[in-house]
Amino acid sequence: MIDIQNLKKHFSDTRENLIKRGFELDEKFWLKAEKKRKKVQVETEQLQEEQNKLAREIGKLQKDKKDISKVKAQASKNSGDLKLKKNELDQIQLELNRFLLTIPNLLNKKVPLGSSEADNKVIKKNGSIRNFSFEIKDHQELGLLSDGMDFEAASKIAKSRFVVFKDSLALLNRALINFMLDIHTREHGYKEIYVPLIVNSESLTGTGQLPKFEEDQFKIDDEEQDLYLIPTAEVPVTNYHRNEILESNKLPISYVCHTPCFRSEAGSYGLDTKGIIRQHQFEKVELVRFTDPEDSDEQLEILTSHAENILSLLKLPFRKVILCSKDIGFSSNLTYDLEVWLPSQNKYREISSCSNFRDFQSRRMKIRIKKNKKNVLCHTLNGSGLAIGRTMAAILENYQNEDGTVSIPDVLKPYMNNKKLL
RNA sequence: GGAGAGGUGGCUGAGUGGUUGAAAGCGCUCCCCUGCUAAGGGAGUAUGUGGUAAUCCUGCAUCGAGGGUUCGAAUCCCUCCCUCUCCGCCA
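Residues numbered from 1 in each chain as written. Chains lettered and ligands numbered in written order. Predicted model: local features only at pLDDT ≥ 70, side-chain atom pairs only at ≥ 80, totals over all residues. Heavy atoms only, no water.

Novice: Mind showing me how you'd approach the overall build of chain A here?
Specialist: On a plain count of helices and strands, chain A comes out with 12 helices and 16 strands. Its C-alpha atoms give chain A principal-axis dimensions of about 100 × 45 × 45 Å. Split into buried and exposed, the 422 residues of chain A put 50% on the buried side. Here the contacts in chain A between residues at least 6 apart in sequence split such that 73% fall between residues at least 24 apart. (Helix = DSSP H or I, 4+ residues; strand = E, 2+ residues; numbered from the N terminus. Buried < 20%, exposed > 50% of the residue type's maximum accessible area, 1.4 Å probe, protein only. Contact = heavy atoms within 4.5 Å.)

As structure tokens, this is what we get:
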């Protein structure tokens, strides 16, 4: 949620900023609703004050055995007025809240103006793209060839956009998870955390998936439950500190968490139908940081470098881009995507998304820190470090040999029973 | 799932309808005293939000959550959530 005080003071700046995303702030509604809120809230609180006074007076009169009927009549009438006013206030606050919850985060100055993915700004390239002397296969062919992937079985068990991994690929899946967790905990200083894979709507609202992106979620089909499968570990991990005041001397707090992620992929028909690039269920190792507001710019660089390090260690060619104003996520102020080279597609594909949300999520979640005896909202950041399925696809394709076998990256060998080939 | 107990401020813990936002203790902060990392004395110490540009001033809300009764609810009623104990079931 953006800062209401800031919205009040700098409405047109805010509107201009959001217009870059293609989001139009409804000025008419805002002015009208905010004006009404102020009026009704003041009136309500005045009535409440009056009510409190009358109630206290009755208490005193009763103690002194005096007549209370006159005051009581007045209090009864006032009580009725108050109730009506309160209802009115609740209504307007509900509307305002809904309005505020659907406003995306302000964009950082670094975010390039753009209309699609094509306008993302490349700021770094790493590793060299391999020249193949033979006809290459895509990761799905390689997976099927080694009998390590089974899409038909997966769709029988569940539906399309699921996969079954077997043998060496099941092992590779596990190896990648362990490798990443080890690097982040041992070398990057993250604390490993294990969390529920099912969350309530409050948690999803906290990180920004709700109320706007309900259709992207896998909801538990039970009217009484209000539960969803997590789309990313970001949701449970960031909400871990919801409604808390963190000790500032413990910042930054950083967590690494491996979870499966579930996405409905509504509206992605026809996109990436082949292979394991876009699935309803995939594994991810997620990095989450809670920081002092003054440090978050630097912390995003640090967090992103940790994700980059995994790609470097795996010797996978990648590039780093700044997401443009139309491609960046709802809650994010600034996002770096890391894109890995996929030879079969002859292009770079997203494998990690590292974002600084500044106080957008912490305001929704009320995560604060004590600073100079005052409570201020902390900043939250997260990034994939990395998406496992896409890493697997990248390894298969980039490390493939002419005979259809795949070499194993050196750093993974200890995790793969020291095998050399898949 | 069944039976019972309970959820109060950073912590412990009073409080069963009327200045209780909340006793007391601990902890913490500041000050005083004291020649010595002790003891004592005093003051302060929740969060959110509104009126405000505002640290001052002041209103309102918050005793697990949401409703209800009442002039008035931490206290009474209802629903839900959570914790603990016993039983059942189970990885």
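Let us keep going from here.
Novice: Could you clarify how one ought to interpret the nonpolar core in this entry?
Specialist: Within soluble globular proteins, side chains that are nonpolar generally end up buried alongside one another. Leu176 and Leu412 are the most contacted members of the largest nonpolar core, which totals 54 residues. When residues of this core are traced back to their parent elements, those giving at least two are helix H7 (167–186), strand E10 (281–291), helix H10 (296–313), strand E11 (318–322), strand E12 (334–342), strand E13 (347–358), strand E16 (379–387) and helix H12 (388–398). The dominant element in this core, judged by the number of residues it contributes, is H7, at 10 residues. Dropping the residues within four chain positions of it, leucine 176 is found in contact with Leu314, Ile388, Thr391, Met392, Ile395 and Leu412. In this structure, Met1, Ile2, Leu18 and Ile103 belong to the second largest nonpolar core, which totals 19 residues. (Core = buried A, V, L, I, M, F, W, Y, C linked by side-chain atoms within 4.5 Å.)

Novice: In this structure, what is going on with H7? I would like to understand it.
Specialist: Side chains that are three or four residues apart share a direction in an α-helix, a result of its 3.6 residues per turn. Counted at 1.5 Å a residue, the expected span for H7 with its 20 residues is 28 Å, and the 28 Å between its end C-alpha atoms agrees. Across the 20 residues that make up H7, a large majority, 14, are buried. (Expected span 1.5 Å × (residues − 1).)

Novice: Hey, could you run me through the domain arrangement of chain A in this one?
Specialist: Under the domain assignment, chain A is made up of domain 1 (26–101) and domain 2 (117–416). Using C-alpha coordinates to define each centre, domain 1 is positioned 48 Å away from domain 2. (Domains from an automatic or database assignment.)

Novice: How should I be thinking about the pairing of strand E14 (residues 368–371) in this particular structure?
Specialist: Remark: a regular strand shows side chains that alternate across the two faces of the sheet. For strand E8 (residues 245–246) and E14, the ladder comprises 2 bridges, and the chain directions are parallel. Paired with leucine 246 across the two strands is isoleucine 369, which belongs to E14. Examined bridge by bridge, E14 and strand E15 (residues 374–377) share 4 bridges and lie antiparallel to one another. Bridge pairing in E15 places isoleucine 369 opposite valine 376. (Pairing = 2+ DSSP bridges.)

Novice: Looking at this model, I keep getting lost on a negative patch on the surface. Mind explaining?
Specialist: A cluster of acidic side chains, namely Asp221, Asp222, Glu223 and Glu224, defines a negative patch on the protein surface. Following the sequence through the fold, aspartate 221 ends up in the loop between strand E6 (218–219) and strand E7 (227–229). (Patch = residues over 30% accessible without salt bridge, like charges linked within 9 Å, V, L, I, M, F, W, Y side chains within 5 Å. Areas by Shrake-Rupley, 256 points an atom, 1.4 Å probe, with all protein chains shown as cover. Salt bridge = Lys/Arg side-chain N within 4 Å of Asp/Glu carboxyl O. Lys, Arg positive; Asp, Glu negative; His and termini not counted. Charge placed at Lys NZ, Arg CZ, Asp CG, Glu CD.)

Novice: Could you clarify how one ought to interpret the protein's contact with RNA strand B in this entry?
Specialist: Contacts to RNA strand B come from 22 residues, most closely from Glu45, Gln51, Ala55, Gln62 and Lys370. Near the protein, meaning within 4 Å, the atoms of RNA strand B are sugar or phosphate in a fraction of 74%, with bases accounting for the rest. Glutamine 5 places a side-chain nitrogen or oxygen 3.4 Å from a phosphate oxygen of RNA strand B. Interatomic distance of 3.5 Å between a side-chain N/O atom of lysine 83 and a phosphate oxygen of RNA strand B. Of all the elements in the fold, those that place two or more residues in the surface near RNA strand B are helix H3 (27–63), helix H4 (69–101) and E14. Per-element accounting of the surface near RNA strand B gives the leading share, 12 residues, to H3. Broken down by class, the residue content of the surface near RNA strand B amounts to 4 nonpolar, 10 polar and 8 charged. (Near = heavy atom within 4 Å. Polar contact = N/O pair within 3.5 Å; in protein donor to acceptor, adjacent residues only side chain to side chain. Nonpolar A, V, L, I, M, F, W, Y, C, P; charged D, E, K, R; others polar.)

Novice: In this structure, what is going on with the pattern of salt bridges? I would like to understand it.
Specialist: Pairing between side chains becomes possible if they bear opposite charge and their charged atoms approach one another. A complete count under the given rule lists 25 salt bridges for this structure. For lysine 124, the salt bridge goes to glutamate 308, with nearest N and O atoms at 2.5 Å. Of this pair, lysine 124 sits in strand E1 (residues 121–126) while glutamate 308 sits in helix H10, and the two are 184 residues apart along the sequence. It is possible to trace a salt-bridge network through shared partners that takes in Lys39, Glu43, Lys85 and Glu88.

Novice: Can you walk me through the packing of H7 against H12 in this structure?
Specialist: Each pair of packed helices can be described by the angle between their axes along with the distance between the axes. Remark: H7 packs on H12, axes separated minimally by 10 Å, with the N-to-C direction vectors making an angle of 115°. Handedness of the H7/H12 crossing: right-handed. Between H7 and H12, the residues in contact are Leu169, Leu172, Asn173, Leu176, Ile177 and Met180 and Ile388, Thr391, Met392, Ile395 and Leu396, respectively. The residue makeup of the contact of H7 with H12, split by class, is 9 nonpolar, 2 polar and no charged. (Axes fitted to C-alpha atoms, helices over the stretch in contact; angles between N-to-C directions. Left-handed = near helix turned anticlockwise from the far one by under 90°.)

Novice: How should the packing of H3 against H4 be read in this particular structure?
Specialist: The interhelical angle for the contact between H3 and H4, taken along N-to-C directions, is 150°, at an axis separation of 8 Å. In terms of their interaxial angle, H3 and H4 are classed as roughly antiparallel. Regarding H3 and H4, the two cross each other, and that crossing is left-handed. A breakdown of the residues in the contact of H3 with H4 according to their chemical character gives 16 nonpolar, 8 polar and 12 charged. (Parallel < 35°, antiparallel > 145°, perpendicular 65-115°, else oblique.)

Novice: Honestly, the pairing of E10 in this entry has me stumped. Any pointers?
Specialist: By the criterion of burial, E10 is predominantly enclosed, with 10 of the 11 residues buried. Here strand E9 (residues 253–262) runs beside E10; their pairing, made up of 10 bridges, is antiparallel. Bridging across to E10, cysteine 261 finds its partner in phenylalanine 282.

Novice: Looking at this structure, how should I read the confidence of the model for chain A?
Specialist: If pLDDT is low for a region, its predicted coordinates should not be looked at in detail. Per-residue pLDDT for chain A averages 92, and the proportion of residues at 70 or more is 100%. The ipTM assigned to the predicted complex is 0.86, against a pTM of 0.92. (pLDDT = per-residue confidence, 0-100.)

Novice: For this particular structure, what's the right way to read the state of the cysteines?
Specialist: One way to say it: the disulfide is the covalent bond shared by the sulfur atoms of two cysteines. Within the structure shown, the criterion is met by 0 disulfides. Unpaired in this structure, cysteine 257 has its nearest cysteine sulfur neighbour in cysteine 261, at a distance of 8.9 Å. Looking at cysteine 257, the relative accessible area reads 1%, which means it is buried. (Disulfide = S-S within 2.5 Å.)

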